[in-house]
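Here are the chains, one letter per residue:
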Amino acid sequence: MMAAALGHGACFNSDTLNFGEISSILTSKLTDDDITGILLSIDAVNTLKVLKLIGCDNISGVGLEPLRGSSVLEQIDLSTSLSTLGVATSADLFSSNFPWRFALSEDTIVPILDSIIGQKDRSLKNVIFPPVWRKNKSAMLTSFMERYNLAQSSRICSCSECGDDFQGSPWLNDGAGSKQFGLHNYVCYACTQHLCDDCNGSFCNECQKKFCDSCCPTQYCDVCGKASCMDCSEVMLCENCDACYCFDCHPVHTCECCDRTRCMDCVIHNICVGCGDCNCGDCACEHTVQWCEFCEEDSCNECRLEAYKAGHLDCMGCRALLLPRIMHEKDALLLVLQAINDGKVAILSEEMIIEALMKFAASQSENSDST
């Protein structure tokens, strides 16, 4: 398992180990022993600057022991579970039904972090906690954050944007009543460069990370002010009117035919209730998503055809919209049958012939019943 993980070039690159860059099927199977082996194999305590455990939701943190006392580690992202991250990026993080699905142990990891910030020549400047730790606000985590902020308070940093020197405080938000409890300040998550108060970058409401504009530009909803980084894409720009909207305020959609991204004010979009495919009104035709005036639903003809074949398409309006597609399929069937009649069966598999004959027989039966 360890070899498979390191075999992905995107996972380990020089001084960065990012498990979020490889398959979640693989990362979810990694154990603490695998993590230990990987860290030892790359001499992580002396070489590793960035560690992101995204997707490693099968570990307790014991496997991070080789990092104890590291003076070169700059960033550690402990957000292991991708599925829970999706919930934790919204107000649900602090709701009573927040999912409890984390294996990482504070008792195991906090002492390792303490050993790192205790180094005189420490480099650690960005820590991302699991959302459930931030939810719990344990005494152990709160105490560590206080020690971390104290250790960082004496650090004089140079802002990567304006070049001014500054001393930040607090580096980790430690206000118990704040929804930003445990989130990091003054550092861009992507490049780990420092940002002063005046150039404090942009905060994405979705992934709850801070970015400098050079690494990941943030867009703001023109209605509610919600911010989203380009990776999260929860706030989208209409290329027609240049307005930005989040999905809650005013949907902006990308048409799967013309690939244009526009808001609903500029052009109506039809979104299939079955598969989610989206087409703008300019591209709607019998091969794409269309609105049915009878059942008042958007659906693509692939989904309508599946329902028709299964005998579930009861809406006459949907049947009418599907008619051109059915005629295309019948024309194709006639070509297959003509090939059989002409003796050109060598180009057809036995399965194709049988399927064609069954379809033809069924259509003939339907026609005789209707008469």
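Note that this is a predicted model, so its numbers are computed, not measured.

**Describing the pairing of strand β19 (residues 297–300)**
Argument step 1. As defined by bridge partners, strand β18 (residues 289–292) adjoins β19 across four bridges and the pair is classed as antiparallel. Residue pairing in the sheet places cysteine 292 in a bridge with glutamate 297 of β19.
Argument step 2. Following β18, the chain reverses through four residues before pairing antiparallel with β19; glutamate 296 in that reversal takes a positive phi of roughly 60 degrees.

**Brief notes about the environment of isoleucine 42**
Argument step 1. Structurally, isoleucine 42 is set in the loop between α3 (32–41) and α4 (44–47).
Argument step 2. Residue classification places isoleucine 42 among the buried positions, given a relative accessible area of 13%.
Argument step 3. Here the alpha-carbon distance between isoleucine 42 and leucine 17, two residues 25 residues apart in the chain, equals 9.8 Å.

**Digging into the packing of helix α6 (residues 106–117) against helix α8 (residues 139–153)**
Argument step 1. Taken N-terminus to C-terminus, the directions of α6 and α8 make an angle of 10 degrees; their axes are 11 Å apart at the nearest point. When the axis of α6 is compared with that of α8, the two are roughly parallel. Between α6 and α8, the residues in contact are Glu106, Asp107, Val110, Leu113, Asp114 and Ile117 and Met140, Leu141, Phe144, Arg147, Tyr148 and Ala151, respectively.
Argument step 2. The class makeup of the residues in the contact of α6 with α8 is eight nonpolar, no polar and four charged.

**Focus: the pattern of salt bridges**
Pairs can form between side chains of opposite charge once their charged atoms are near each other.
Argument step 1. Across all of its chains, the model carries six salt bridges by this definition.
Argument step 2. Of the charged contacts in the structure, one is a salt bridge between glutamate 206 and lysine 226, with a shortest N-O distance of 2.7 Å. Here the residue glutamate 206 occupies a position in the loop between β8 (202–203) and β9 (210–211), and lysine 226 occupies one in the loop between β10 (218–220) and β11 (227–229), the gap between them amounting to 20 residues. A single burial state applies to glutamate 206 and to lysine 226, both of which are buried.
Argument step 3. Residue aspartate 282 is joined to arginine 262 by a salt bridge in which the shortest nitrogen-to-oxygen separation is 3.2 Å. One end of the pair, aspartate 282, is in the loop between β17 (278–280) and β18; the other, arginine 262, is in strand β15 (residues 261–263), and 20 residues separate them in sequence.

**Some remarks on the side chain of lysine 209**
Argument step 1. Looking at the secondary structure, you find lysine 209 in the loop between β8 and β9.
Argument step 2. Notably, lysine 209 is buried but unbridged: the nearest opposite-charge side chain belongs to aspartate 77, and the N-O separation is 4.4 Å.

**Some words on α3**
Argument step 1. Three or more residues of α3 are buried, namely Asp32, Asp34, Ile35, Gly37, Ile38 and Leu39.
Argument step 2. Immediately downstream of α3, the backbone of aspartate 43 shows phi near 50 degrees, a positive value.

**As for a negative patch on the surface**
Argument step 1. A contiguous patch of negative charge, built from Asp164, Asp165, Asp197 and Asp198, is present on the exposed surface.
Argument step 2. Relative to the helices and strands, aspartate 165 resides in strand β7 (residues 165–166).
Argument step 3. For aspartate 165, a relative accessible area of 59% gives the class exposed.

**Brief notes about the packing of aromatic side chains**
Argument step 1. Applying the stated criterion across every chain, the model contains seven aromatic pairs.
Argument step 2. Considering the side-chain rings of phenylalanine 144 and tyrosine 148, the 6.0 Å spacing of their centres and the 40 degrees angle between planes classify their relative orientation as tilted. Highlighted residues: phenylalanine 144 and tyrosine 148, both in helix α8, separated by four residues, approximately one helical turn. Each member of the pair, phenylalanine 144 as well as tyrosine 148, is classed as buried.
Argument step 3. Chaining the aromatic ring pairs together yields one cluster made of Phe129, Trp133, Phe144 and Tyr148.
Argument step 4. Above the ring of phenylalanine 181, the side-chain terminus of lysine 137 is found at 5.5 Å from the ring centroid.
Argument step 5. One residue, lysine 209, lies across the ring of tyrosine 189, its end atom 4.9 Å from the ring centre.

Thresholds applied
Residues numbered from 1 in each chain as written. Predicted model: local features only at pLDDT ≥ 70, side-chain atom pairs only at ≥ 80, totals over all residues. Heavy atoms only, no water. Pairing = 2+ DSSP bridges. Helix = DSSP H or I, 4+ residues; strand = E, 2+ residues; numbered from the N terminus. Buried < 20%, exposed > 50% of the residue type's maximum accessible area, 1.4 Å probe, protein only. Axes fitted to C-alpha atoms, helices over the stretch in contact; angles between N-to-C directions. Parallel < 35°, antiparallel > 145°, perpendicular 65-115°, else oblique. Contact = heavy atoms within 4.5 Å. Nonpolar A, V, L, I, M, F, W, Y, C, P; charged D, E, K, R; others polar. Salt bridge = Lys/Arg side-chain N within 4 Å of Asp/Glu carboxyl O. Lys, Arg positive; Asp, Glu negative; His and termini not counted. Patch = residues over 30% accessible without salt bridge, like charges linked within 9 Å, V, L, I, M, F, W, Y side chains within 5 Å. Areas by Shrake-Rupley, 256 points an atom, 1.4 Å probe, with all protein chains shown as cover. Charge placed at Lys NZ, Arg CZ, Asp CG, Glu CD. Phe/Tyr/Trp six-rings, centres within 6.5 Å; stacked < 30°, edge-to-face > 60°. Lys NZ or Arg CZ within 6 Å of the ring centre and 35° of its normal.

Remember, this is a structural readout, not a statement about activity or role.
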